[in-house]
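The lines below spell out each chain.
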Amino acid sequence: MEYINIIFQEIYKILFLLIPVLVSVAMIVWLDRRVWAFVQKRQGPNVVGPFGLLQSLADALKYIFKEIIIPASSNKVIFILAPIVTMTLALIAWAVIPFGETQVLANINVGILYLFAVSSLGVYGIIMGGWASNSKYPFLGAIRSAAQMVSYEVSIGIIIINVLLCVGSLNLNDIVLAQQNLWFVVPLFPMFVIFFISALAETNRPPFDLPEAEAELVAGYQTEYSGMMYAMFWLGEYANILLMCALGSILFLGGWLSPIDLYPFNLIPGGLWLILKILLLFILFALVKAIVPRYRYDQLMRLGWKIFLPLSLTWVVLTASYLFYFNLLPAN
Amino acid sequence: MAHAIFFYTFSIIAVISAIMVTASKNTVHSVFFLILDFISISCLFIMIGAEFLGMIMLIVYVGAVAVLFLFVVMMLNVAQQKNQWFAGHQSSRHIPVGFIISILIFFEIIIVIGGWKYKPEIFDINNSTAQTTLSNTHSLGQILYTDYIHVFQISGMVLLVAMIGAIVLTFRQRSGVKRQSYIKQISRERAEGVEVLEVQNNKGIKIDD
């Protein structure tokens, strides 16, 4: 009986987290299209509901009622598994994101490693989809994205090491609390820029959207997908983008801390600050999509391996030596 | 009780997927089973309280190594391979070698586990300064980067040498490869690319020689 109670409590908590995440994913798609449109002096989706807010809902309904086509020559089990894997991985990562000092589903010791591991597993949804489709364009898209995500993960990992050197703990709440006096975006600003660009590449956003470069590969790994399975890929991708924004705001922008530690700002709950910071980063993501042309593939690899990797490694050495010589290393 | 349920679930998944790695005929499927195996083993690591090792297992093996496996295996033609490996006669030569290696590994495991079971003082872990009060990330860092830093550095060097060796062995200089120079492409001026010519009527122009 006790176990059942615990299980129901946990399910209640999980639903309380997941439903807002899913709704905000739908809203964020609308925001993305809106920002994109405004940069190009268009209106964007503005017909369905007030300001077009219900556009994503309408799209979702459309996808639900469309037929799911499974190609005859595809590997059926893996073909169906791929969008499920993408979606699941994009959602389970939210378990460790702290929305306040106590408002976190799982406050684990190695939270940042968990996030990093889940985001590095994200490549499997794409590879599985690309391979199981048994078709040229999806396969090329999958190969591209696998190479791209593996390369940019390396630099993200090293940037995370930079932050961890300043914190001395792998717990996400500790990382947030370490920024009480100064957000890490100030001392580690170059790393923040590199993290932002690597996050763009990690989530296959423009200008690094080579896996689904529509000019060359139709839609990359999603080419053979239709209906709800396509929508799941899509939702998973946006949930991943939101996750990367959340990770960026936790690592560099102080997570749920309020920017000014004064009376009226203290009253606003930490979760709201985190959401505002995520939105800020997401609008930057959307702006980048609108104003930057797509990279060529060799340039993308060059940027990842020859520029970001050495730069972030050098910065690790710099941070470590600075902390060591000024005796600022966090005590365990 | 919950602990036991999770333990048996994960270990059954691990064992079955390990068997399926060798049993499945499609090589890509075996890699996917291998990934499932890695994931369930990292879950087992987390269950015994080694959360750092579990996460590193996920990041390194599943996030990087298995992706490269998949990369290689997906490039192979699976249907063609099936004919070669499962219907051909060539495979019989490799079977004895495989048997010898697996018997060796089996005895090694017996020695390690048996020794640990019956002579625990040989594998005394108390001579390191690992403290039980620290979290396991801290104590691993203490052992690797403080107590055995030189050994750790040397093993890193060995790996680096191996990596450079592999690159040197497989590197070949091909002639006639057209390379794109990044700087050249950006610093191109209009004058280099476009030339405006005065074309005379009924005469035409010869551009290339």
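Everything quoted here is computed from the prediction, not taken from an experiment. (Residues numbered from 1 in each chain as written. Chains lettered and ligands numbered in written order. Predicted model: local features only at pLDDT ≥ 70, side-chain atom pairs only at ≥ 80, totals over all residues. Heavy atoms only, no water.)

Attention now moves to the overall build of chain A. Of the regular secondary structure elements, chain A holds 13 helices and 0 strands. For chain A, the N- to C-terminal ordering of α and β elements is α-α-α-α-α-α-α-α-α-α-α-α-α. Its C-alpha radius of gyration of 20 Å places chain A within 12% of the 20 Å reference for a compact globule of 332 residues. For the C-alpha atoms alone, the extent of chain A along its principal axes is close to 65 × 55 × 50 Å. The proportion of buried residues among the 332 residues of chain A is 52%. Within chain A, residue pairs in contact and separated by at least 24 positions form 76% of the contacts whose partners lie at least 6 positions apart. Carbon and sulfur atoms make up 71% of the accessible area of chain A, which totals about 15,400 Å². Across chain A, the mean location of the 17 positive side-chain charges is 11 Å away from that of the 17 negative side-chain charges. (Helix = DSSP H or I, 4+ residues; strand = E, 2+ residues; numbered from the N terminus. Rg over C-alpha atoms; globule rule 2.2 N^0.38 Å. Buried < 20%, exposed > 50% of the residue type's maximum accessible area, 1.4 Å probe, protein only. Contact = heavy atoms within 4.5 Å. Areas by Shrake-Rupley, 256 points an atom, 1.4 Å probe, with all protein chains shown as cover. Lys, Arg positive; Asp, Glu negative; His and termini not counted. Charge placed at Lys NZ, Arg CZ, Asp CG, Glu CD.)

Let's shift gears to helix α2 (residues 55–65) of chain A. All names here are of chain A. All of the buried residues in α2 are Gln-55, Ser-56, Asp-59 and Tyr-63. For α2, the arc enclosing every buried residue in end-on projection is 95°, short of the 170-degree limit, so these residues lie on one face. With respect to the buried face of α2, the exposed residues turned more than 90 degrees away are Leu-57 and Phe-65. (Arc of directions from axis to C-beta.)

With that settled, the discussion passes to the packing of aromatic side chains. Residues and elements named next belong to chain A. Evaluated as defined, the whole model comprises 21 aromatic pairs over all chains. Ring plane angle 50° and centroid distance 5.6 Å describe the contact between Tyr-63 and Tyr-230, whose orientation is recorded as tilted. Taken as a pair, Tyr-63 in helix α2 and Tyr-230 in helix α10 (residues 227–251) lie far apart in primary sequence, 167 residues in all. Take Tyr-63: its relative accessible area is 13%, and that puts it in the buried class. Considering the side-chain rings of Phe-189 and Phe-192, the 6.4 Å spacing of their centres and the 40° angle between planes classify their relative orientation as tilted. Placement of the pair is Phe-189 and Phe-192 together in helix α8 (residues 189–202), with a separation of 3 residues, close to one helical turn. (Phe/Tyr/Trp six-rings, centres within 6.5 Å; stacked < 30°, edge-to-face > 60°.)

Attention shifts here to the packing of helix α1 (residues 2–39) of chain A against α10 of chain A. All names here are of chain A. As a packed pair, α1 and α10 sit with axes 9 Å apart at the nearest point and diverge in direction by 85°. By the angle between their directions, the pair α1 and α10 is classed as roughly perpendicular. Facing α1, whose interface residues are Ser-24, Val-25, Ile-28, Val-29 and Asp-32, α10 presents Trp-234, Leu-235, Tyr-238, Ala-239 and Leu-242. Considering only residue class, the contact of α1 with α10 consists of 8 nonpolar, 1 polar and 1 charged. (Axes fitted to C-alpha atoms, helices over the stretch in contact; angles between N-to-C directions. Parallel < 35°, antiparallel > 145°, perpendicular 65-115°, else oblique. Nonpolar A, V, L, I, M, F, W, Y, C, P; charged D, E, K, R; others polar.)

Once that is clear, we can look at the nonpolar core. Counting 110 residues, the largest nonpolar core has Tyr-124 and Phe-252 of chain A as its most contacted members. With 13 residues, the single largest contributor to this core is α10 of chain A. Tyr-124 of chain A has contacts with Ile-35, Val-62, Ala-66, Val-67 and Leu-70 of chain B, leaving out every residue within four places of it along the chain. (Core = buried A, V, L, I, M, F, W, Y, C linked by side-chain atoms within 4.5 Å.)

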